Amino acid sequence: RHGQPDRWVRTTCPYCGTGCELDLGLTDGRITESRPVLDSVVSRGHLCVKGRYAFGFQEAEDRVTRPMVRRNGAWEEVSWDEALDAAAVALRQAVMNAGPGGVGVLASSRATNEENYLTQKFARLALGTHNVDCCARVCHAPSATGLGQVLGTGAATNSFADIERAAMLLVVGANATENHPIVGARIRQRARAGVPLVVIDPRRTELAAEATVHLALRPGTNLPLFQALARVILDEGLADLAFIQSRTEGLEAFVTSLQAWTPERAAAACGVAAEDIRRAARLYATSKPAMCLHGLGVTEHIQGTDGVMALAHLALLTGNLGLPGAGVNPLRGQNNVQGSAQMGCEPTRLTGYRPLARALADHLPVWGAALPEAPGLTAMGMLDAAGEGRLRALLVLGYDVLLSHADARTTAENLHGLEALVVVDLFMTETARAFGTVFLPAASPFEKEGTFMNGERRVQRVRQALPPKGDSRSDREILCALAERLGAGGPFRFPDAESVWNEIRQVWPDVQGITYARLEREGGIQWPCPDESHPGTAVLHAEGFPGGGRAAFRLLDYTPSAQVATDTHPWLLNTGRSLFHFNAATMTGRTRNGHLRPDNGLELHPADAASLGVVDGEAVTVTSRHGSFTLLAHVTDRVRPGEPFATFHSVPAFVNQATGPGRDRHTGTPEYKVTAVALRKA
Ligand code: SF4
């Protein structure tokens with residue numbers, strides 16, 4: 001039929017961790033359409049505005065498609081051989097001068113599983129360092145660590161389909177209708193059908209407006225609220241004692257530790273009503289199964305990991321684990337956040353998110369080389385080390401460090417300490433522009449084969465629709481070529497993505513049963529899937545917790561954030577994303593979405609706008625103790641007075657100039673969600 005694409009290629013959406021499948025329509029060798037997959041188990045015939053329209057970035061005019069080396073301060077296009085030689089020399093030099101600890105590698109949660117696996121293998125085998133991390137560090141690292149501490153595994157316990165099985169939904173720090181729209185729509189549908197919904201969020205998000213109880217807490221006070229919920233469940237005799245006795249340990253000390261957190265005390269700390277805390281606790285504890293879904297509003301705080309542990313405690317107290325419609329489920333931000341850490345892009349863990357000590361033995365026969373036992377540095381640790389001169393060179397794939405790390409001034413100072421920065425990306429990132437020494441142009445997600453792992457542990461195929469633009473190459477080709485130049489080519493001879501996946505299956509037993517052939521036949525499969533006859537696992541912990549052990553209640557201390565409102569900085573800034581754009585808008589900003597909503601701006605309560613003399617659309621300068629930025633005001637009562645909200649999609653605005661140096665005490669994840677600021681009309 002006239003106007004129909006010539007052919008369709010089925011792949012997985014490159015944006016959020018929902019992992020919707022989509023069909024890309026190609027006309028005359030260009031992507032001209034993206035349509036939903038009717039029988040997809042994840043998206044069930046739907047796509048959000050990002051999946052539907054955000055596919056043009058790969059042909060943007062400013063895409064970098066030739067390798068480049070910086071000479072005398074200016075970028076020069078060079079051949080691949082020259083660029084790869086320059087990168088290899090720089091990395092080798094850093095190892096010679098400062099030892100293997102003098103180099104680091106940062107991976108991308110937007111790259112495929114196969115690419116992430118090769119990235120950490122490259123760091124460990126070709127460079128000899130565990131200094132490898134991924135951008136999960138700045139979002140969901142606390143989910144993996146917190147759930148690991150309590151439940152023994154860091155992945156989402158349940159499936160998105162459980163949203164329809166839950167008798168109650170608890171949504172915490174997650175603006176799902178904008179950031180995971182297909183998941184958010186399912187939650188909203190259930191709420192409208194009468195399923196109780198409790199939302200914990202400082203903002204009146206779309207889901208909060210539908211909620212049975214909305215706890216609009218003060219930013220930075222998650223932990224007191226979660227502890228008070230636990231205390232109400234125990235005090236009112238709502239705990240599932242049979243579950244606790246048979247499946248957990250550490251309750252007694254935990255109960256004692258909760259004594260301080262009466263609903264009244266938590267209410268005062270959080271700025272909510274004590275009676276609402278009780279109502280929320282009763283709803284969660286008495287509607288079984290109850291499903292908890294959380295987002296970055298939990299993790300991006302100095303108590304991020306503690307907050308995740310506290311949510312896991314609520315599930316343990318009420319027996320909401322190991323059954324459909326329940327569990328604790330992080331809504332992963334980027335398409336492959338689950339996969340990047342799971343593949344081993346983590347300084348203390350190897351593939352399968354297994355601690356170094358336990359997994360080294362599995363890797364030895366496959367990799368054919370022993371690895372150092374001492375762990376490496378996190379992304380934040382690597383940046384700190386660069387600032388101190390201990391880290392000399394960094395290889396960064398698909399990760400705009402300067403733009404995305406909090407406290408940009410310190411990030412820039414640290415990056416300045418590097419002797420070499422090799423960037424593998426689609427565009428001239430702000431990091432590359434300011435500090436890059438070699439630029440290796442990468443293939444886009446539409447130009448390569450592989451797999452992504454969505455937020456419910458489902459491995460799904462990424463299929464090539466286009467040839468790589470210009471001279472760009474897949475990360476697999478780039479990493480293998482670099483390894484050859486470093487004299488470590490032997491373990492990096494992979495003819496295609498499938499051969500990489502097959503090696504992953506050898507070192508990580510939980511995905512042994514997932515083959516490309518099965519993914520073609522059956523669609524996505526959820527791990528654990530230990531053999532090829534296994535259907536995959538929709539619900540974790542149905543048989544117990546890892547190692548035959550028990551889940552553990554942990555004792556949590558509350559240390560309030562240093563970011564408190566003062567006379568000079570009386571507002572508390574929150575940051576996040578919006579429906580039309582994704583993170584720094586590197587991709588969405590170069591698509592039709594860029595025109596649909598070019599700038600999302602600064603949400604400001606009408607009372608604040610009036611006090612500043614600002615009307616909708618006028619520029620406001622936001623200044624913290626760390627720096628400042630300017631955005632256009634969007635006056636709305638979605639936010640509370642005194643608590644503006646900024647999206648970080650605008651590169652010129654560069655919101656992280658104002659966010660602070662606070663970090664989660666367990667994982668180092670930055671405190672993006674609360675910064676004391678002053679506002680003025682620009
Ligand atoms: Fe893509 Fe997420 Fe939207 Fe689905 S919900 S289409 S995965 S951005």
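Owing to the predicted nature of the structure, the values given are computational and were not obtained by experimental measurement.

Notes on helix α6 (residues 181–192)
Okay, so step 1: The end-to-end C-alpha distance of α6 is 16 Å, a good match for the 16 Å that 12 residues give at a rise of 1.5 Å each.
Okay, so step 2: Within the sequence span of α6, burial applies to P181, I182, V183, G184, R186, I187 and A191.
Okay, so step 3: On the buried face of α6, the contacting elements are α1 (49–53), β8 (168–172), α5 (176–179), β9 (197–200), α7 (206–210) and β12 (290–294).
Okay, so step 4: Looking one or two residues beyond α6, the residue adopting positive phi is G194, at roughly 105°.

A short note on the domain arrangement of the protein chain
Okay, so step 1: Under the domain assignment, the protein chain is made up of domain 1 (145–330) and domain 2 (571–681).
Okay, so step 2: On a C-alpha basis, the centroid separation for the pair domain 1 and domain 2 is 26 Å.
Okay, so step 3: Residue-level contacts link 29 residues of domain 1 with 24 residues of domain 2.
Okay, so step 4: With both sides pooled, the region where domain 1 packs onto domain 2 buries about 2100 Å², and carbon together with sulfur makes up 49% of that total.
Okay, so step 5: Across the contact surface, domain 1 and domain 2 share three salt bridges.
Okay, so step 6: A salt bridge links E603 to R203; the nearest nitrogen and oxygen atoms lie 2.7 Å apart.
Okay, so step 7: At the junction of domain 1 with domain 2, the criterion picks out 12 residue pairs in polar contact (both at pLDDT 80 or more).

Concerning the side chain of T537
Okay, so step 1: Mapping T537 onto the fold places it in the loop between β21 (525–526) and β22 (551–552).
Okay, so step 2: Excluding residues that lie within four positions of it along the chain, T537 makes contacts with R457, Q526, W527 and P528.

A look at the state of the cysteines
Okay, so step 1: All chains considered together, the criterion is met by zero disulfides.
Okay, so step 2: No disulfide involves C139; its nearest neighbouring cysteine sulfur is the one of C135, lying 6.6 Å away.

Observations concerning the pattern of salt bridges
Opposite charge on two side chains permits pairing when their charged atoms draw close.
Okay, so step 1: For the coordinates displayed, the defined rule picks out 45 salt bridges.
Okay, so step 2: Of the charged contacts in the structure, one is a salt bridge between D81 and R485, with a shortest N-O distance of 2.7 Å. Within this pair, whereas D81 is found in helix α2 (residues 80–98), its partner R485 is found in helix α21 (residues 475–485), the two being separated by 404 residues in sequence.
Okay, so step 3: Given the relative accessible area of 48%, D81 is considered partly exposed.
Okay, so step 4: With its nearest N and O atoms 2.7 Å apart, the salt bridge here joins E484 to R493.
Okay, so step 5: For E484, a relative accessible area of 36% puts it in the partly exposed group.

Brief notes about the layout of surface pockets
Okay, so step 1: Taken as a whole, the largest pocket spans an internal volume of roughly 900 Å³.
Okay, so step 2: Considering the residues around the largest pocket, the lining is formed by 37 residues, among which L151, G152, T153, G154 and P546 are closest to the centre.
Okay, so step 3: By residue class, the composition of the lining of the largest pocket is 16 nonpolar, 14 polar and seven charged.

Looking at the environment of T431
Okay, so step 1: The residue T431 is located in helix α20 (residues 430–435) in this model.
Okay, so step 2: Separated by 19 residues in sequence, T431 and A412 have C-alpha atoms that sit 8.6 Å apart.
Okay, so step 3: With near-sequence residues (within four places) excluded, T431 lies in contact with D400, V401, L402, L403, L415, L421 and G436.

Digging into the pairing of β9
Okay, so step 1: In β9, alternate side chains face the same way, and those of L197 and V199 on one face and V198 and I200 on the other are all buried.
Okay, so step 2: In the sheet, β8 pairs with β9 via four bridges, with the strands oriented parallel. The residue of β9 that forms the bridge with L169 is L197.
Okay, so step 3: As paired elements, β9 and strand β10 (residues 213–215) share three bridges and run parallel to each other. Each bridged residue has a counterpart across the sheet, and for I200 the counterpart in β10 is L215.

Procedures and definitions
Residues numbered from 1 in each chain as written. Predicted model: local features only at pLDDT ≥ 70, side-chain atom pairs only at ≥ 80, totals over all residues. Heavy atoms only, no water. Helix = DSSP H or I, 4+ residues; strand = E, 2+ residues; numbered from the N terminus. Expected span 1.5 Å × (residues − 1). Buried < 20%, exposed > 50% of the residue type's maximum accessible area, 1.4 Å probe, protein only. Contact = heavy atoms within 4.5 Å. Domains from an automatic or database assignment. Buried area = accessible area lost by both parts, 1.4 Å probe. Salt bridge = Lys/Arg side-chain N within 4 Å of Asp/Glu carboxyl O. Polar contact = N/O pair within 3.5 Å; in protein donor to acceptor, adjacent residues only side chain to side chain. Disulfide = S-S within 2.5 Å. 1 Å grid on protein atoms, 1.4 Å probe; cavity = no way out; pocket = protein on both sides within 12 Å on 5 of 7 lines; lining within 4 Å. Points joined across faces, edges and corners; volume = space filled by probe spheres on them. Nonpolar A, V, L, I, M, F, W, Y, C, P; charged D, E, K, R; others polar. Pairing = 2+ DSSP bridges.

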